[in-house]
Amino acid sequence: VPNIRTGIKSSGISGYGNNMEVTDTGVYFMCDGGYGRCYLLYADHGSDTLVKLCSRPDCTHTNRLCNAYFENGSSVYYDGSHLYVGEHAGSVIKVYRLDLDGGNRTLVMDNAEVRKGFNGGGGNVIISNGICTFTLGEMVNGEVKETGFYYKLDGSMEQPEQLPEGLSATYDDGRNHILLGPGKNDGRPFSGRYLWNPDTNTAQWIVDQPEYFYGYVSVNGIYYIDNGVICNKKAGGDTVEELFDTGLEGEHELKAFPEYFVIIDRVHWWKEGQENARLKAQTLRFYSWDFEFQGECEIDYEVDGSYIYEDIIAGETKDRIYLAAYDYGLPHYYIDKSDFGSGNIRIHPLELPEDIVEYYREQYEESHLEPWEE
């Protein structure tokens, strides 16, 4: 895993689009505030407080006049000098450039020309590594067919152009763009992973994802955990190399980051008897890339298990792991990596804008979910 955190869409982080960004000074999160409102939140590194990214002294930070407000905001990216934020409403997709404090918002992409003829909406907006990708849908024989598009933020393109047929973006590691598409060998619709070159708009098949297993895809193949064993399904075929036996029993998933990886509990919905497993406590187990166990942490706060049981890691920096509670990609807690190896990995609360917290409290209370029980 390359030692890059800025400007990428990490496969280990869960969120809508690419809603988390890291800079030298702090972290940004795109947050759903409910009722059609989205806000860009910011915290300095080391701070326990997330605030709406608006420096206007006269602003109430509650409506579309706020610098932090975006209409269905979906992605945030930093190119070293400016932030780029995506919006999408139906098939209307836009990208804005703004200063690090939220000011000087400028429209840099509008898909007005390419969305003509698409009547099935749009989505999957991801801005990373200098490129915005998204999909548009059209109704074909009663079903929605999605087409992927891309747009370079360097100003070299007048309009977005189509990705290779059948492919759409998933993530990148700062060096390589990985696309999702049909499996080459197994024929499944979304199992294939492809290495995409945006300069030539060509894609090369890497590997087919093992059925029911997720992990980290690189140019070397896919790394995942099966029956407690870390495996590498090698690029270009079906050869699987077993790398390390964790000794864990049950179902798990691997999340990969530059200096370490995390093994989290997983639910295989297709297995009998696991229907309510997401209501149980989630456990995170940490390992170095030398396969040395760094400790584990059981989530000790209420979790909306139907949504984020397996998507609890909302962000990651050099010093912290941010954890969700009620929605994809929205952190309510964090772990300090200095606790690794101490035998006591603690969970710390974050302070968020009160209206954001209140919205998710209401959603949780109305969702009929009870806090998980042993």
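Everything here concerns the structure above.
Let me sum up the structure you'll find in this document. (Residues numbered from 1 in each chain as written. Predicted model: local features only at pLDDT ≥ 70, side-chain atom pairs only at ≥ 80, totals over all residues. Heavy atoms only, no water.)

**Digging into the overall build of the protein**
Okay, step 1: Along the protein, the regular secondary structure elements total 2 helices and 29 strands.
Okay, step 2: Relative to the 2.2 N^0.38 estimate, which gives 21 Å for 374 residues, the radius of gyration of the protein is 20 Å and therefore close to what a compact globule would have.
Okay, step 3: For the protein, the C-alpha atoms occupy an extent of roughly 55 × 50 × 40 Å along the three principal directions.
Okay, step 4: Split into buried and exposed, the 374 residues of the protein put 55% on the buried side.
Okay, step 5: Considering only contacts within the protein whose residues lie at least 6 apart along the sequence, 44% involve residues at least 24 apart.
Okay, step 6: In the form shown here, the protein has an accessible surface area of approximately 17,100 Å², with 44% of it arising from carbon and sulfur atoms. (Helix = DSSP H or I, 4+ residues; strand = E, 2+ residues; numbered from the N terminus. Rg over C-alpha atoms; globule rule 2.2 N^0.38 Å. Buried < 20%, exposed > 50% of the residue type's maximum accessible area, 1.4 Å probe, protein only. Contact = heavy atoms within 4.5 Å. Areas by Shrake-Rupley, 256 points an atom, 1.4 Å probe, with all protein chains shown as cover.)

**Remarks on the side chain of aspartate 327**
Okay, step 1: Relative to the helices and strands, aspartate 327 is located in the loop between strand S27 (320-324) and strand S28 (331-336).
Okay, step 2: At 12 Å, arginine 37 is the nearest oppositely charged side chain to aspartate 327, a buried residue that forms no salt bridge. (Lys, Arg positive; Asp, Glu negative; His and termini not counted. Salt bridge = Lys/Arg side-chain N within 4 Å of Asp/Glu carboxyl O.)

**Thoughts on the layout of surface pockets**
Okay, step 1: Volume-wise, the largest pocket comes out at about 1,200 Å³.
Okay, step 2: The wall of the largest pocket is formed by 39 residues, among which Thr170, Leu180, Arg193, Tyr214 and Asp311 lie closest to the centre.
Okay, step 3: Of all elements in the fold, only strand S10 (122-128), strand S14 (168-172), strand S18 (216-218) and strand S22 (252-256) reach the threshold of two or more residues within the lining of the largest pocket.
Okay, step 4: Across the lining of the largest pocket, the residue classes tally to 18 nonpolar, 12 polar and 9 charged. (1 Å grid on protein atoms, 1.4 Å probe; cavity = no way out; pocket = protein on both sides within 12 Å on 5 of 7 lines; lining within 4 Å. Points joined across faces, edges and corners; volume = space filled by probe spheres on them. Nonpolar A, V, L, I, M, F, W, Y, C, P; charged D, E, K, R; others polar.)

**What about the environment of glycine 142?**
Okay, step 1: Note on placement: glycine 142 falls in the loop between strand S11 (131-140) and strand S12 (143-152).
Okay, step 2: Placed 106 residues apart in sequence, glycine 142 and glycine 36 show a C-alpha to C-alpha distance of 28 Å.

**What about empty space enclosed by the protein?**
Okay, step 1: Counting across every chain of the model gives 3 cavities of 30 Å³ or more.
Okay, step 2: Estimated volume of the largest cavity: approximately 240 Å³.
Okay, step 3: Taken together, 25 residues make up the lining of the largest cavity; nearest its centre are Ile8, Lys9, Ser10, Ser11 and Ile13.
Okay, step 4: Of all the secondary structure elements, the ones that give two or more residues to the lining of the largest cavity are strand S1 (20-22) and S14.
Okay, step 5: Take the lining of the largest cavity: its biggest share by element is 3 residues, from S1.
Okay, step 6: For the lining of the largest cavity, the per-class residue count stands at 12 nonpolar, 7 polar and 6 charged.
Okay, step 7: Taken as a whole, the second largest cavity holds about 90 Å³ of empty space.
Okay, step 8: Lining the second largest cavity, in full, are Ile126, Ser128, Ile131, Thr133, Ala169, Thr170, Tyr171, Asp172, His177, Ile178, Leu179 and Trp196.
Okay, step 9: Those elements that provide at least two residues to the lining of the second largest cavity are S10, S11, S14 and strand S15 (177-181).
Okay, step 10: For the lining of the second largest cavity, the element with the most residues is S14, which contributes 4 residues.
Okay, step 11: The residue makeup of the lining of the second largest cavity, split by class, is 7 nonpolar, 4 polar and 1 charged.

**Overview of the pairing of S15**
Okay, step 1: Along S15, 5 of the 5 residues are buried, which leaves the element largely enclosed by surrounding structure.
Okay, step 2: Along S15, one buried face is formed by His177, Leu179 and Gly181 and the opposite face, lined by Ile178 and Leu180, is buried too.
Okay, step 3: Alignment of S14 against S15, held across 4 bridges, turns out to be antiparallel. Along S15, the bridge assignment pairs tyrosine 171 with isoleucine 178. (Pairing = 2+ DSSP bridges.)

**Quick word on the state of the cysteines**
Okay, step 1: All told, the structure shown has 0 disulfides when counted by the stated rule.
Okay, step 2: Free of any disulfide, cysteine 38 has its nearest neighbouring cysteine sulfur in cysteine 31, separated by 7.4 Å.
Okay, step 3: In this structure cysteine 38 comes out as buried when scored by relative accessible area, which is 7%. (Disulfide = S-S within 2.5 Å.)

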